[in-house]
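# Remarks on the overall topology
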Amino acid sequence: MSVLAFSSILLVVSYFAGILGAITGLGGGAVLIPVLVLFFHVNIYYAMGASLIAVIATSSGATAVYLRHGLTNLRIGMLLEVGAVSGALLGAWLVPSFPAASLAILLGMVLLVSAYFVLKRPGDSETATAAHPWAQALQLNGSFPIPGGTQTYQVQGVPLALLVMSLAGLLSGLLGIGAGVLKVLAMDQTMRLPYRVSTTTSNFMIGITATASVGLYFTHGYLDPGLIFPVLLGVLLGSFTGTRLLTLLSIRTLRLIFSVVVCLLGFELIYKGLTGAV
């Protein structure tokens, strides 16, 4: 395959990864890495480096739109990034210590667990009426627009969410995925945020977490310009498309898309890792 053909196909694949990343809060990396490794046979370390650049692009493109629509909770995002960035730096530093097969199996397991928990929670409505004391003190409660008005929400489980975010940051640096899977999971399940708020706030956060890791990936030599350019362009264009789809799709549809895609990729990654085909 010629360089032009490879770059063109990669641009299209990255476009769809950007769409999925924007509507689910994944950042596209959780889809892009398995596709690069399984279908394009790219070395997993270089795929992870390209993924981090893609995550930054998705975050930049999607966050600007979501902020205008009033969907992103900046206070929650900045608070949780304290734990996420610390974990990301540690994870990126540890990357060369792990063999490719182990990273593939670990990423596959993260994908499967996240799909289960996201699909497990059926709706967007909450029964809690009192916010966590930390949420009240830090003014984390908020609201977002819905057809015909606004919906308010009370933030729960702030300490546990900070702990999960530290783990999310560690996996972000270690796997090059932005860890949107765990960020959405923590805000959706632990803080009990509405799903649209979780995904849009995750999109804001993943760019910061990925930026913290990408310098160490450059030091390790895992950034390939030939991969990065088509990935960056495709994901950025896809993220703009995804922001439009988020307001059109139902919550149940978003959860199903997320779960089906990451389950398929997760099983394939685990299989390839166990058989040494990565």
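Residues numbered from 1 in each chain as written. Predicted model: local features only at pLDDT ≥ 70, side-chain atom pairs only at ≥ 80, totals over all residues. Heavy atoms only, no water.

### Digging into the overall build of the chain
A count of helical and extended segments in the chain gives 11 helices and two strands. What you see in the chain, going N to C, is helices and strands ordered as α-α-α-α-α-α-β-β-α-α-α-α-α. A compact globule built from 278 residues would reach a C-alpha radius of gyration of about 19 Å, and the chain, at 18 Å, matches this within 12%. In terms of overall dimensions, the chain has C-alpha extents of about 55 × 35 × 30 Å along its principal axes. With 278 residues in all, the chain has 53% of them scored as buried. Partitioning the contacts of the chain with sequence separation of at least 6, the portion at a separation of at least 24 is 83%. Charge-centre separation for the chain: the mean point of 11 positive side chains lies 7 Å from the mean point of 6 negative side chains. (Helix = DSSP H or I, 4+ residues; strand = E, 2+ residues; numbered from the N terminus. Rg over C-alpha atoms; globule rule 2.2 N^0.38 Å. Buried < 20%, exposed > 50% of the residue type's maximum accessible area, 1.4 Å probe, protein only. Contact = heavy atoms within 4.5 Å. Lys, Arg positive; Asp, Glu negative; His and termini not counted. Charge placed at Lys NZ, Arg CZ, Asp CG, Glu CD.)

### What to know about the side chain of K183
Position of K183 among the secondary structure elements: in helix 8 (residues 180-190). Although buried, K183 forms no salt bridge, and the nearest oppositely charged side chain, E81, lies 4.4 Å from it. Polar contacts involving the side chain of K183 include one to the side chain of T209, which spans 3.2 Å. Look past the residues within four positions of K183 in its chain and what remains in contact with it is E81, A84, M165, A168, G178, S202, M205, I206 and T209. (Salt bridge = Lys/Arg side-chain N within 4 Å of Asp/Glu carboxyl O. Polar contact = N/O pair within 3.5 Å; in protein donor to acceptor, adjacent residues only side chain to side chain.)

### Side note on the packing of helix 1 (residues 3-24) against helix 10 (residues 225-246)
At a minimum axis separation of 6 Å, helix 1 and helix 10 run at an interaxial angle of 35°. In the crossing of helix 1 with helix 10, the sense of the turn from one axis to the other is right-handed. In terms of residue class, the contact of helix 1 with helix 10 is made up of 15 nonpolar, nine polar and no charged. (Axes fitted to C-alpha atoms, helices over the stretch in contact; angles between N-to-C directions. Left-handed = near helix turned anticlockwise from the far one by under 90°. Nonpolar A, V, L, I, M, F, W, Y, C, P; charged D, E, K, R; others polar.)

### Considerations on the pairing of strand 1 (residues 142-146)
As defined by bridge partners, strand 1 adjoins strand 2 (residues 149-153) across five bridges and the pair is classed as antiparallel. The residue bridging F144 from the neighbouring strand is Q151, located in strand 2. The antiparallel pairing of strand 1 with strand 2 creates a hairpin that spans two residues between the two strands, and G148 there sits at a positive phi of about 90°. (Pairing = 2+ DSSP bridges.)

### Here we look at the environment of S2
Mapped onto the secondary structure, S2 falls in the segment before helix 1. A distance of 3.2 Å separates a polar side-chain atom of S2 from the backbone nitrogen of A5.

### Describing the side chain of T243
As for its position among the elements, T243 is in helix 10. Exposure remark for T243: the relative accessible area of 3% places this residue in the buried category. At a separation of 2.6 Å, a polar atom in the side chain of T243 contacts the main-chain carbonyl oxygen of F240. Setting aside residues up to four positions removed in sequence, T243 forms contacts with A22, A62, V65 and Y66.

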